[in-house]
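Below are the chains, spelled out letter by letter.
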Amino acid sequence: MKKIHIILAVGMLLWLLSGPAFSQPGTSGEATTAPPAVLAVSLYKTTHLIFPYAIRSVDRGSADVLAQPAASVENVLRVKAGKANFRETNLTVITVDGALYDFVVRYTENPAVLTVRLPVMGSAAEPGAHIAAAGANEAVIRQHAAAVACKVAESRGPREQKHGLHLRLAGTYILGDVMFYQLRIRNRSSISYDTDQLRFYMRDRKRSKRTAFQELELTPLHVHGSPARIAGYSEKVVVYALPKVTVPDQKYLFVQLLEKHGGRHLKLKLPNRVLLRSKVLTPSHGQVTE
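What counts, and where the lines are drawn
Residues numbered from 1 in each chain as written. Predicted model: local features only at pLDDT ≥ 70, side-chain atom pairs only at ≥ 80, totals over all residues. Heavy atoms only, no water. Patch = residues over 30% accessible without salt bridge, like charges linked within 9 Å, V, L, I, M, F, W, Y side chains within 5 Å. Areas by Shrake-Rupley, 256 points an atom, 1.4 Å probe, with all protein chains shown as cover. Salt bridge = Lys/Arg side-chain N within 4 Å of Asp/Glu carboxyl O. Lys, Arg positive; Asp, Glu negative; His and termini not counted. Charge placed at Lys NZ, Arg CZ, Asp CG, Glu CD. Helix = DSSP H or I, 4+ residues; strand = E, 2+ residues; numbered from the N terminus. Buried < 20%, exposed > 50% of the residue type's maximum accessible area, 1.4 Å probe, protein only. pLDDT = per-residue confidence, 0-100. Contact = heavy atoms within 4.5 Å. Polar contact = N/O pair within 3.5 Å; in protein donor to acceptor, adjacent residues only side chain to side chain. Phe/Tyr/Trp six-rings, centres within 6.5 Å; stacked < 30°, edge-to-face > 60°. Lys NZ or Arg CZ within 6 Å of the ring centre and 35° of its normal. Pairing = 2+ DSSP bridges. Axes fitted to C-alpha atoms, helices over the stretch in contact; angles between N-to-C directions. Core = buried A, V, L, I, M, F, W, Y, C linked by side-chain atoms within 4.5 Å.

1. Observations regarding a positive patch on the surface
Part 1 of the reasoning: Taken together, Arg156, Arg205, Lys269, Arg273 and Arg277 make up a surface patch of like positive charges.
Part 2 of the reasoning: Along the chain, Lys269 falls in strand β19 (residues 266–270).
Part 3 of the reasoning: Residue classification places Lys269 among the partly exposed residues on the basis of a relative accessible area of 43%.

2. Here we look at the environment of Gly176
Part 1 of the reasoning: Here Gly176 is to be found in the loop between β11 (165–175) and β12 (178–187).
Part 2 of the reasoning: Judged by its relative accessible area of 54%, Gly176 is exposed.
Part 3 of the reasoning: Along the chain, Gly176 and Pro283 lie 107 residues apart, while their C-alpha atoms are 8.6 Å from each other.

3. Focus on the confidence of the model for the chain
Part 1 of the reasoning: Taken over all residues, the pLDDT of the chain has a mean of 80, while the share at 70 or more is 77%.
Part 2 of the reasoning: Predicted confidence for residues 1–30 stays below pLDDT 50, and this span has 10 contacts to residues more than four positions away or in other chains.

4. What to know about the side chain of Gln182
Part 1 of the reasoning: Relative to the helices and strands, Gln182 is located in strand β12.
Part 2 of the reasoning: Only 3.1 Å separates the side chain of Gln182 from the backbone oxygen of Lys151, close enough to count as a polar contact.

5. Focus on the packing of aromatic side chains
The geometry of two aromatic rings is summed up by the distance between their centres and the angle between their planes.
Part 1 of the reasoning: Inspection of every chain in the model, using the stated rule, returns seven aromatic pairs.
Part 2 of the reasoning: The interplanar angle of 70 degrees and the centroid separation of 6.1 Å between the aromatic rings of Tyr252 and Phe254 together place this pair among those described as edge-to-face. Like Phe254, Tyr252 is buried.
Part 3 of the reasoning: Put simply, the rings of Phe51, Tyr101 and Phe103 pair up and form one aromatic cluster.
Part 4 of the reasoning: Above the plane of the ring of Phe254 lies Arg203, whose end atom (NZ or CZ) is 5.4 Å from the centre.
Part 5 of the reasoning: Positioned above the aromatic ring of Phe254, the side-chain terminus of Lys267 is 5.3 Å from the ring centre.

6. Here's the deal with the environment of Lys162
Part 1 of the reasoning: With respect to the helices and strands, the residue Lys162 is situated in strand β10 (residues 159–162).
Part 2 of the reasoning: Judged by relative accessible area, Lys162 falls into the partly exposed class, the value being 30%.
Part 3 of the reasoning: The spacing of Lys162 and Gly263 is 101 residues in sequence and 9.3 Å in space, taken between C-alpha atoms.
Part 4 of the reasoning: Ignoring any residue separated from it by four or fewer positions in sequence, one finds Lys162 in contact with Gly263, Arg264, His265 and Leu266.
Part 5 of the reasoning: Reaching out from Lys162, the side chain makes a polar contact with the backbone oxygen of His265 at a distance of 3.1 Å.

7. Points about the sheet that holds strand β9 (residues 115–117)
Part 1 of the reasoning: With respect to topology, four strands assemble into an open sheet ordered β5-β6-β3-β9, the strand pairing being mixed. The open sheet has two edge strands with one neighbour each: β5 (65–69) and β9. Adjacent strand axes in the sheet meet at a mean angle of 20 degrees, parallel and antiparallel pairs treated alike.

8. Considering the nonpolar core
Part 1 of the reasoning: With 26 residues, the main nonpolar core has Tyr181, Leu183, Ile185, Leu198, Phe200, Leu253 and Leu257 as its most contacted residues.
Part 2 of the reasoning: At the level of secondary structure, the elements contributing two or more residues to this core comprise β11, β12, β13 (193–204), β17 (234–243), β18 (251–259), β19 and α3 (272–276).
Part 3 of the reasoning: If you look at the next biggest cluster of nonpolar residues, it comprises 21 residues, including Val65, Tyr101, Val105 and Leu118.

9. Some words on the side chain of Ser57
Part 1 of the reasoning: Tracing the backbone shows Ser57 in strand β4 (residues 55–60).
Part 2 of the reasoning: Setting aside its immediate chain neighbours within four residues, Ser57 contacts Thr92, Val93, Ile94 and Leu216.

10. A short note on the environment of Gln182
Part 1 of the reasoning: What makes Gln182 buried here is its relative accessible area of 0%.
Part 2 of the reasoning: Counting along the chain gives 58 residues from Gln182 to Tyr240, while the straight-line C-alpha distance between them is 6.7 Å.
Part 3 of the reasoning: Engagement of the side chain of Gln182 in a polar contact is seen with the side chain of Arg184, the distance being 3.2 Å.

11. Considerations on the pattern of salt bridges
Part 1 of the reasoning: Under the criterion given, the structure shown has nine salt bridges.
Part 2 of the reasoning: Its salt-bridge partner being Lys80, residue Asp196 comes within 3.4 Å of it at the nearest N-O pair. Note that Asp196 is positioned in strand β13 and Lys80 in strand β6 (residues 76–81), a separation of 116 residues in sequence.
Part 3 of the reasoning: A salt bridge links Glu217 to Arg199, with the shortest nitrogen-to-oxygen separation between them at 2.8 Å. Of the two residues, Glu217 is situated in strand β14 (residues 215–218) and Arg199 in strand β13; the sequence distance between them amounts to 18 residues. Of the two residues, Glu217 and Arg199, both sit in the buried class.
Part 4 of the reasoning: Linked by salt bridges that have partners in common, Arg184, Arg186 and Glu235 make up one network.

Laid out in structure tokens, this is it:
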């Protein structure tokens, strides 16, 4: 009887290992997966994840984890803690080749590794950074982003202020499949503002306690003007070019500005009506179509 039990246990194990959960990654364009890896992040240090292909989407399990694609780099994700000693959560990244990377994220005061190179799914090859190709389309986006930066700010638009710092959406514009967001950041204090992250993401308006935290990060196609530092008593205009988007029901588009080693964090909530008021640009010189 004991021998029969052993044979049955071995047979069950072999059946599990041959099932879909342990199948090898495919090459048909469908999402492929790998076992979750443990990712240690800190409040004061940034961890960089380098993927073999450009990032398609990022999903965080908790708002306590901050994740943002690096500027002008399609396959590098910057990750850090939003607060110290947060509860263990997860991070999921899907790349353009259909591969799905899943991480268990834990807080660590001093991570031993700050740069993680992810292999091609099913391969041990190590990737390098993929810089966005500079082609005609990118040149057009750059030209129009510069033109949008020079436009007069609209009187209306979401805004927030805290401790002398003001963040305002000064205008939204569209050209084909690209939307341009003109942001104005004004520092009315004597203390300079060092930006940790400025990011766009979509999230549910309300979330049940029993549902998972779902958030979709929007990767900019181009950023005109650097929001890295806003000196005291000064103002900066930055323009973010992103793929066109409208906001589904029960969701909001958010713009979040985080201060490095500080507490002046600002957030704008962009409902669908704000995006639908976007002004149309002409293809030639970035003029607004009446």
